[in-house]
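Chains, contacts and geometry: an overview
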Amino acid sequence: MRYIEPHGHMVSRTTDDYKAMALAGCAAICEPAFWAGFDRKSADGFYDYFCQLTQHEPARAQKFGIPHYSWLCINPKESEDMGLAREVLALIPDFLNALNVLGIGEIGLNKNTRNELKILEAHIDLAVKYNQLILVHTPHLEDKRKGTRLILDALKNNPKINPGRVIIDHVEEHTFKEVVDQGFWAGITLYPESKASPQRAIDMIETISSQRVWLNSACDWGHSDPLSVPKTALEMKRRGHTVQAIDNLIFGNPVQFLSQSNKFIRPEII
Amino acid sequence: MSPPTRKEVADLHFMDARAKLLDLAAFLDRVDRSSGSDDHRIRGLRLALKVLNEGNKNRVEEILNQWSDPSTEPLEKSDTKAATGVWPKL
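Scoring rules and cut-offs
Residues numbered from 1 in each chain as written. Chains lettered and ligands numbered in written order. Predicted model: local features only at pLDDT ≥ 70, side-chain atom pairs only at ≥ 80, totals over all residues. Contact = placed C-beta atoms within 7 Å. Helix = DSSP H or I, 4+ residues; strand = E, 2+ residues; numbered from the N terminus. Nonpolar A, V, L, I, M, F, W, Y, C, P; charged D, E, K, R; others polar. Buried ≥ 20, exposed ≤ 12 C-beta atoms within 10 Å, placed from the backbone. Pairing = 2+ DSSP bridges. Axes fitted to C-alpha atoms, helices over the stretch in contact; angles between N-to-C directions.

Examining the interface of chain A and chain B
Across the boundary between the two partners, chain A contributes 25 residues, which contact 23 residues of chain B. Broken down by secondary-structure element, the contributors of at least two residues to the side of chain A that touches chain B are α4 (114-129), α5 (144-156) and α7 (198-207) of chain A. Broken down by element, the side of chain A that touches chain B gets its largest block of residues, four residues, from α5(A). Classifying every residue of the side of chain A that touches chain B gives four nonpolar, eight polar and 13 charged.

In structure tokens, the structure reads:
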């Protein structure tokens, strides 16, 4: 089996996780910037984090032969403080030339506030200005449907946005169709408690779309499983899907989206 | 790929669904043994139970929509970062 983990917060994971992912067939990892579990007090904290994402973490992944890519932003959970958010936004252009940076993400909304929305729009403008791919986080639980619609509106309000270069992550049954119908890519996140289980994810693939979609673990410091993508591939196999269909979903689709960045190199596997 | 038969689906997933249903039943028993005022999350769960037997083929979507914030305008400000799982005003 070969697969890509297109959304994993590896700074929060152990070296043993890297080893397990390599053994499971992980051919590349993409790591969006996110919330550390507490609010950082200054832009300096983000500068250090961006150095970690662009220098330290790729070296850590390389010890297991896994190419590591990253996305940069200030996460919506910290964008309520607009002064700090604008300071962090100003740091990002200098990091965009790093060899492993694929785009701006994971931007989006958390509690669907006006300040979060303004910082989302600033991130979208930044991505347009520097011709970057965009990875969007949609809100959790009861806030997801409203937030997804606000995000789609914000993206469509910018005439320079090409939906085919934007992935809307953490879709569920009530948001998936709306996302792909409007030309965007969708990400299904596999979590033990919230978001989707392997069974629900494959139900959605079977009933809504197997195109313009990827699966990810979004593994971080919370309840999450860095092996959830290969475990979901097993669910597909148990249901009788072909090897080709499984490979398309967990390897081909992410390669297709990520290859829109000229920094992404189609991975070779053993 | 042709659609599976009922038996094939049951063979593959029944025991998992059975275990989850019993866990849910045990949770509701635990709630009933507890004290205190009503909780919007449990209220939302009880409302969703009605959806399960109604024969709609999009039960997950219907339940997620039922639990969602129906408003459309951004909030002026939020006093929390966390979501609870069910819209508190449901």
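A few points about the environment of B:Pro4
All names here are of chain B. On the secondary structure map, proline 4 appears in the segment before α1 (6-33). A count of 14 C-beta atoms within 10 Å places proline 4 in the partly exposed class. Sequence spacing of proline 4 and phenylalanine 27 is 23 residues, and the spatial spacing of their C-alpha atoms is 32 Å.

Quick word on the sheet that holds strand β6 (residues 166-169) of chain A
Residue and element names in this part refer to chain A. Across the sheet, which stays open at both edges, the eight strands sit in the order β1-β2-β3-β4-β5-β6-β7-β8 with parallel pairing between neighbours. The open sheet has two edge strands, β1 (3-5) and β8 (213-216), and neither has a second partner. The mean angle between the axes of side-by-side strands here comes to 25°, regardless of whether they run parallel or antiparallel. Bridge analysis of strand β5 (residues 133-137) against β6 gives four bridges, and the strand direction is parallel. Note that in β6 the partner of valine 136 across the bridge is isoleucine 168. Strands β1 and β8 of the sheet are contacted by helix α8 (residues 228-238), whose axis makes an angle of about 140° with β1.

Functional significance is not addressed by these values, which are geometric in nature.
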